[in-house]
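So you can see what is in the structure, the chains are spelled out below.
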Amino acid sequence: MRAARFPLIALFAVGGVLAASLEVTVRDERGNPVENAVAYATPKGAPAPAGPKRTAAIEQIDKTFVPHVTVVQAGTTVQFPNRDPIRHHVYSFSPAKSFEIKLYAGTPPTPVLFDKPGEVVLGCNIHDNMLAFVLVVETPYFAKTPREGIARLEQLPAGEYDVHVWHPALAAPVPARTVRLRADETAPFPAAVTLKAQPARAPAR
Amino acid sequence: MVLLFVTLLMTVQLASFYFIRVAIEEIASQTLREELQVGARVFRRLLDQNSQQLVEATSVLTYDFGFREAIATRDRDTILSALRNHASRIRASGMAVVGLDGRVVADTMDEAQTGGAYAFPDLVVQAESQGRASGMRVVGGKPYQVIVVPIRAPLPIAWVAMSFVIDDASARDLKTLASSDVTFIEVSGGAPRVLATTLEPGPRAALERSAAAVIATSAEGSRLMLGGEDTEVLATPIERKGTGNLYSVLQRPVAAGLEPFRALQLVLVLLACLSLAVTALVANRLARRLALPLARLAKAAGEVAKGRYDVAVQANEPARDEIDELALAFRGMTKGLAERDKVRDVLGKVASAAVADELMRGTVELGGEEREATVMFTDIRNFTSLCETLRPQESLALLNDFLTVISEVVEQYRGVVDKYTGDGAMAVFGAPVAEPGDAQRAVEAALEIRRRVLALGPSLAARGLPHPEIGIGLNTARVIAGNIGSSSRLNYTVLGDGVNLASRFEGLTKRYRVPIVVGELTQRGCTGVIFRELDKVRVRGRVEPVRIFEPLQLARDATTRAGRALDTWHAALADYRERRWDRARGLFERLEHEPGYERLAEIYLGYLADVAARQPGPEWDAAFTLFEK
């Protein structure tokens with residue numbers, strides 16, 4: 001059996017060896033790392049394949065949407081479990097996805113399908129401070145930066161990509177950059193963004 | 001005098017009234033101004049609070065889910081109807097949605113408008129940075145409070161601009177709070193315009209006319225004449241934007257501020273009238289007490305000045321006040337004057353008026369001065385025999401008749417009767433006051449005295465009395481004129497050889513049987529009088545004999561015949577003196593028969609006889625020696 005496993009590992013290794021990575025570092029104009037920035041790469045030429053993940057969830061905990069920023073590939077359904085003892089009325093008027101889930105507790109029976117690319121701003125009708133973003137992209141290759149500001153796009157087949165960087169508070173849109181990735185390459189992708197002055201987010205009452 | 005007091009008081013009253021009025025107006029103005037300033041501050045705060053409330057209301061409105069949903073649909077008609085609906089909820093004049101790009105999506109105040117730029121981008125900018133914006137803007141000639149707030153869903157998806165018109169009604173609301181008239185004025189390029197006001201049309205027009213001046217006034221406010229009414233105005237800028245400035249003008253008529261002082265002024269006027277009346281009354285009484293008595297005294301003084309010392313002056317004795325004292329003093333003065341007059345009168349009778357004056361003046365001194373004067377002695381011939389048949393009283397009366405004549409004439413010819421000498425008088429011409437023509441007048445007086453004495457003849461004859469005759473001697477010489485005696489008892493008179501000579505001349509009237517004999521100096525001092533030289537007389541103390549003359553008549557009364565006789569006489573006299581005895585004798589003999597020359601011819605024929613008897617030596621001067629009496 002050792003012999004059978006070996007080709008599997010080799011296959012995997014080959015698979016691993018054939019994928020490129022993109023290490024994206026997002027910093028603001030002062031050089032500080034930016035959290036919640038989204039980087040996604042759309043392959044040039046051919047449409048991107050569908051990614052493995054087909055569902056996401058955005059919770060409401062303590063009158064706050066968690067996570068603040070979610071990236072999904074178009075066609076993903078998003079669930080909105082309400083973990084609060086009080087009801088929420090989730091809505092969005094964004095053209096990419098206009099919907100509302102009227103006052104509810106617990107988890108709504110039907111998740112919401114985000115099928116159009118674009119920026120979706122979520123709010124709660126009765127809690128003006130609740131805010132969340134869903135960026136719907138058309139590629140499975142995306143990542144969100146944590147506090148350190150570094151995110152890794154994995155398993156990218158070699159080829160040419162348009163790499164976009166997005167943040168909810170972008171002062172100006174960042175132009176996409178084309179990147180040619182070779183297999184096995186981990187290319188660095190530094191990105192500088194200018195953010196709008198963000199008011200300190202008041203805690204929801 | 002009443003008038004004086006009343007006028008004085010009235011002036012004081014008017015002056016104080018005027019100053020009080022000025023002060024009152026100042027205070028009222030000041031108070032008004034301060035009130036307006038407070039009003040402006042209140043007004044400002046009201047506007048701010050109002051806009052605050054409007055912002056809150058608008059903000060709440062924009063969180064309405066249905067509204068937000070409607071906006072998100074981007075369907076213009078839906079949005080418009082939602083706007084209309086929501087605007088009416090809070091009674092806004094208009095509501096508009098402005099996209100994040102600054103373009104109007106829908107506007108209830110301009111429904112046709114789509115996609116145009118929003119009129120007040122500065123408010124949007126303000127809202128972007130501060131989360132809300134409010135300002136006053138003029139739209140279509142009307143002032144609006146414009147509120148711009150974001151529509152959050154949950155991030156701003158658009159702006160809502162709500163407009164609340166400031167019309168006359170809202171201005172009225174503000175008026176009750178600011179307690180002054182409120183006007184909104186817009187100044188944009190041309191003439192200022194009144195947008196909304198609480199004023200009536202008349203005052204509104206007046207304000208509009210003076211709007212430029214009003215805007216230019218100071219920040220503390222000032223006083224202007226608006227529509228003929230004094231008004232305190234305070235202009236406060238509300239919005240200063242490039243295209244147009246919006247001002248709020250608070251105003252109040254000064255008269256309003258003066259209201260509370262009306263009562264005070266009325267009281268003042270009443271007080272003034274009262275005090276005026278009281279003063280008039282008091283002044284009147286005072287006048288009666290003062291002016292009338294004074295006027296009476298003045299009138300009495302006038303009477304006294306005219307010489308009527310018997311004027312009656314009423315006064316209370318003992319004196320009750322100063323007026324009485326004055327009256328009493330006046331009475332005393334009048335009495336004193338009357339006495340003095342009497343004394344002077346009496347004195348004048350005793351001495352001449354001139355001397356009396358001098359005596360009264362108290363400038364009389366013992367001693368005298370040398371002056372030339374003409375002395376006259378008069379003597380009533382045979383007075384004794386005249387009075388033989390008379391009782392003493394009658395004699396005196398007769399004497400007084402003569403003396404009266406003499407005195408009157410002497411005084412008439414400006415001489416002075418010196419003294420009465422038994423049955424005659426002595427008079428002086430030229431003392432105490434010398435006048436030119438003294439000698440002339442003395443001679444004329446002598447002639448007149450004689451005439452008047454002769455005129456007494458008929459009346460005396462009627463009483464069975466003999467014919468009166470008078471002898472007068474006149475001599476002009478240097479005499480001593482002055483007071484003789486002691487200081488307590490003195491006589492003013494003249495002394496000297498010349499005086500004695502006059503007396504001797506008077507005595508000579510008997511010898512020559514002529515009425516008047518005058519000395520050479522006297523004769524020389526006369527004009528217009530015909531003289532007859534009588535003789536040359538040697539007197540004691542004189543080396544040269546003096547010539548004596550007789551005044552015959554005034555030249556104007558002369559006759560030809562008398563003149564011829566006179567010439568003959570003087571020729572005879574000359575012959576005699578020049579020792580042409582025979583010729584002289586011949587002329588004298590002729591004159592013996594001439595009326596009036598008998599005695600003289602007789603005397604000179606006697607002289608000639610003497611001369612014939614004793615041939616005169618070379619020193620003979622044809623003078624008759626006068627021996628001492």
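Conventions we followed
- Residues numbered from 1 in each chain as written.
- Chains lettered and ligands numbered in written order.
- Predicted model: local features only at pLDDT ≥ 70, side-chain atom pairs only at ≥ 80, totals over all residues.
- Helix = DSSP H or I, 4+ residues; strand = E, 2+ residues; numbered from the N terminus.
- Buried ≥ 20, exposed ≤ 12 C-beta atoms within 10 Å, placed from the backbone.
- Contact = placed C-beta atoms within 7 Å.
- Nonpolar A, V, L, I, M, F, W, Y, C, P; charged D, E, K, R; others polar.
- Pairing = 2+ DSSP bridges.
- Axes fitted to C-alpha atoms, helices over the stretch in contact; angles between N-to-C directions.
- Core = buried A, V, L, I, M, F, W, Y, C linked by C-beta atoms within 7 Å.
- Parallel < 35°, antiparallel > 145°, perpendicular 65-115°, else oblique.
- Left-handed = near helix turned anticlockwise from the far one by under 90°.
- pLDDT = per-residue confidence, 0-100.
- Expected span 1.5 Å × (residues − 1).
- Bend = angle between axes of the 7 residues up to and from the residue.

**Observations regarding the overall build of chain A**
Point 1. Within chain A one finds one helix and 17 strands.
Point 2. With 205 residues in all, chain A has 30% of them scored as buried.
Point 3. Taking the intrachain contacts of chain A between residues at least 6 apart in sequence as the baseline, contacts between residues at least 24 apart amount to 66%.

**Quick word on the overall build of chain B**
Point 1. Secondary structure summary: chain B contains 19 helices and 19 strands in total.
Point 2. Taking all contacts inside chain B whose residues are at least 6 apart in sequence as the whole, residues at least 24 apart take part in 59%.

**Overview of the interface of chain A and chain B**
Point 1. Listed per partner, the contact involves eight residues of chain A and 10 residues of chain B.
Point 2. Of all the secondary-structure elements, those providing two or more residues to the side of chain A that touches chain B are strand E11 (118-124) and strand E12 (127-137) of chain A.
Point 3. A total of three residues in the side of chain A that touches chain B trace back to one element, the largest contributor, which is E12(A).
Point 4. Grouping the constituent residues of the side of chain A that touches chain B by class yields four nonpolar, three polar and one charged.

**A word on the sheet that holds strand E3 (residues 55-57) of chain A**
Residues and elements named next belong to chain A.
Point 1. Reading across from one edge, E3-E7-E10 is the order of the three strands in this open sheet, with mixed pairing throughout. Of all the strands in the sheet, the pair left with one neighbour each is E3 and strand E10 (112-114). Taking each pair of neighbouring strands and ignoring which way they run, the sheet shows an average axis angle of 30°.
Point 2. Here three bridges tie strand E7 (residues 76-79) to E10, and the two strands are oriented antiparallel to one another. In the sheet register, Thr 76 faces E10, and the bridge partner there is Phe 114.

**Quick word on the nonpolar core**
Point 1. Core analysis: the biggest nonpolar cluster contains 107 residues, and Leu22(A), Ala39(A), Val134(A), Ile79(B), Val97(B), Val148(B) and Met162(B) have the highest contact counts within it.
Point 2. With seven residues, helix H1 (residues 2-62) of chain B is the single largest residue contributor to this core.
Point 3. Leave out the neighbours within four places in its chain, and Leu22(A) touches Ala41(A), Leu153(A), Leu156(A), Val163(A), Val179(A), Leu181(A), Ala187(A) and Phe189(A).
Point 4. If you look at the next biggest cluster of nonpolar residues, it comprises 54 residues, including Met376(B), Phe377(B), Tyr413(B) and Ala477(B).

**Some remarks on the packing of helix H18 (residues 581-591) of chain B against helix H19 (residues 598-613) of chain B**
Residue and element names in this part refer to chain B.
Point 1. At their nearest, the axes of H18 and H19 sit 9 Å apart, and the two run at 155° to each other. Looking at the two axes, H18 sits roughly antiparallel to H19. Every pair of crossing elements has a handedness; the one defined by H18 and H19 is left-handed. The residues of H19 that touch H18, namely those facing Trp 581, Ala 584, Arg 585, Phe 588 and Leu 591, are Ala 601, Tyr 604, Leu 605, Leu 608 and Val 611.
Point 2. Along the lines of polarity and charge, the residues of the contact of H18 with H19 split into nine nonpolar, no polar and one charged.

**Here's the deal with the confidence of the model for chain A**
Point 1. On average, residues of chain A carry a pLDDT of 86, and 88% of them reach 70 or more.
Point 2. Note on residues 10-16 of chain A: pLDDT under 50 across the span, and zero contacts to partners over four residues away in sequence or across chains.

**Regarding the pairing of strand E13 (residues 424-429) of chain B**
Residues and elements named next belong to chain B.
Point 1. Within E13, six of the six residues are buried, which leaves it mostly tucked inside the rest of the structure.
Point 2. Two elements, strand E12 (residues 416-420) and E13, share four bridges in a ladder whose sense is antiparallel. Pairing of Lys 419 across the sheet is with Met 426, part of E13.
Point 3. Hairpin connection from E12 to E13: three residues lie between these consecutive antiparallel strands, with Gly 422 at a positive phi of about 80°.

**Focus: the sheet that holds strand E17 (residues 186-193) of chain A**
Residues and elements named next belong to chain A.
Point 1. Strand order in this open sheet of three strands is E14-E1-E17, and the pairing throughout is mixed. Two strands close off the open sheet at either side, each with one partner strand: strand E14 (150-157) and E17. When strand polarity is set aside, the average angle formed by the axes of neighbouring strands in this sheet is 25°.
Point 2. Where strand E1 (residues 19-28) meets E14, six bridges bridge the pair, whose relative direction is antiparallel.

**Overview of the confidence of the model for chain B**
Residue and element names in this part refer to chain B.
Point 1. The predicted model of chain B has a mean per-residue pLDDT of 84, with 96% of residues at 70 or higher.
Point 2. Per-element confidence in chain B ranges from a low mean pLDDT of 69 for helix H10 (residues 353-361) to a high of 94 for strand E16 (residues 516-519).
Point 3. Predicted complex metrics record ipTM = 0.72 and pTM = 0.51.

**So, helix H8 (residues 254-305) of chain B**
Residue and element names in this part refer to chain B.
Point 1. With 52 residues, H8 should reach 76 Å at 1.5 Å per residue; the first-to-last C-alpha distance of 67 Å falls well below that figure.
Point 2. In H8, a bend of some 55° at Pro 260 exceeds every other bend along the element.
Point 3. Among the residues trailing H8, Gly 307 stands out with phi positive, at a value near 105°.

**Quick look at the pairing of strand E15 (residues 159-166) of chain A**
Point 1. Of the pairings in the sheet, the one linking strand E2 (residues 38-43) of chain A to E15(A) comprises six bridges and is antiparallel in character. Of the residues in E15(A), the one forming a bridge with Ala41(A) is Val163(A).

**Quick look at the packing of helix H12 (residues 392-412) of chain B against helix H13 (residues 438-455) of chain B**
Residues and elements named next belong to chain B.
Point 1. It is the contact of H12 with H13, at a shortest axis distance of 9 Å, that shows an interaxial angle of 150°. In terms of axis orientation, H12 runs roughly antiparallel to H13. The two elements H12 and H13 cross, and the hand of that crossing is right-handed. Facing Phe 402, Val 405, Ile 406, Val 409 and Val 410 of H12, the residues of H13 in contact are Ala 445, Glu 448, Ile 449, Arg 452 and Val 453.
Point 2. Each residue belonging to the contact of H12 with H13 can be placed in one class, and the counts come to eight nonpolar, no polar and two charged.

**Observations concerning unusual backbone geometry**
A negative phi angle characterises most non-glycine residues, just as the trans form characterises most peptide bonds.
Point 1. Omega for the peptide link from Val66(A) to Pro67(A) comes to 0°, which places this bond in the cis form.
Point 2. Tracing the sequence through the fold places Pro67(A) in the loop between strand E5 (64-66) and strand E6 (69-73).
Point 3. In the segment running from Ala153(B) into Pro154(B), the intervening peptide bond is cis, with an omega of -20°.
Point 4. Within the fold, Pro154(B) resides in the loop between strand E4 (142-152) and strand E5 (156-165).
Point 5. Positive phi, normally seen in glycine, also occurs at Asp62(A), with a value near 55°.
Point 6. Topologically, Asp62(A) is positioned in the loop between strand E4 (59-61) and E5.

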